[in-house]
Amino acid sequence: MTAGWMNWPPPFSSMVFSTPILVRTRKDGRYDLLVGKRRLLACKMIGWEKIPAILRDDLKEEEAIAISLTENLQRAEPAPIIIARILKNFMTGMARSKN
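One structure accompanies this document, and this report is about it. Worth saying up front: this structure is predicted, and the values here are computed from it rather than measured.

We now examine the sheet that holds strand E3 (residues 53-55). One open sheet holds the three strands; their spatial order is E2-E1-E3, and the pairing between them is mixed. Unpaired on one side and paired on the other, strand E2 (31-35) and E3 mark the two borders of the sheet. Here the average twist between neighbouring strands, direction ignored, is 35°. Across three bridges, strand E1 (residues 21-25) lies against E3 in parallel orientation.

If you want it as structure tokens, here you go:
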């Protein structure tokens, strides 16, 4: 991750990093991150202990996988290996949800 955002003026950086991440609750009470991995990592790097999140426990497994897949594919030019892993995870998740 590049550190160029660290030099942004505080109001701008606060606005960018206040965009909520998307999570859903796991069976063990922790959270699965669906959208916002880079935002979460950036916020951790600047010392934030809390960030806005949208909780989507209403999603079915295949819906959560599809949302995560879409988010990952929207990045600028993802590497082919990343696309392959995402598609494999999607197909595995779809197969599990049908069982």
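As a further point, take the layout of surface pockets. Quantified by volume, the largest pocket comes out at close to 580 Å³. Lining the largest pocket are 21 residues, with Leu33, Leu34, Ser68, Asn72 and Asn89 positioned closest to its centre. Those elements giving two or more residues to the lining of the largest pocket turn out to be E2, helix H3 (61-73) and helix H4 (80-98). Here the residues of the lining of the largest pocket sort into nine nonpolar, four polar and eight charged.

Before going further, it helps to spend a moment on the pairing of E2. In this sheet, E2 lies alongside E1 in antiparallel orientation, the contact comprising four bridges. For Val23, the partnering residue across the bridge sits in E2 and is Leu33. Between E1 and E2, which pair antiparallel in sequence order, lie five residues; one of them, Gly29, sits at a positive phi of approximately 90°.

What follows deals with helix H2 (residues 37-45). Along H2, the positions that sit buried rather than exposed are Arg39, Ala42 and Cys43. Mapping the buried residues of H2 onto a view down its axis gives an arc of 100°, with all of them on the same face. More than 90 degrees from the buried face of H2, the exposed residues found are Lys37, Arg38 and Lys44. Positive backbone phi, at 90°, marks Gly47, one or two positions downstream of H2.

Cut-offs applied
- Residues numbered from 1 in each chain as written.
- Predicted model: local features only at pLDDT ≥ 70, side-chain atom pairs only at ≥ 80, totals over all residues.
- Heavy atoms only, no water.
- Pairing = 2+ DSSP bridges.
- Helix = DSSP H or I, 4+ residues; strand = E, 2+ residues; numbered from the N terminus.
- Axes fitted to C-alpha atoms, helices over the stretch in contact; angles between N-to-C directions.
- 1 Å grid on protein atoms, 1.4 Å probe; cavity = no way out; pocket = protein on both sides within 12 Å on 5 of 7 lines; lining within 4 Å.
- Points joined across faces, edges and corners; volume = space filled by probe spheres on them.
- Nonpolar A, V, L, I, M, F, W, Y, C, P; charged D, E, K, R; others polar.
- Buried < 20%, exposed > 50% of the residue type's maximum accessible area, 1.4 Å probe, protein only.
- Arc of directions from axis to C-beta.

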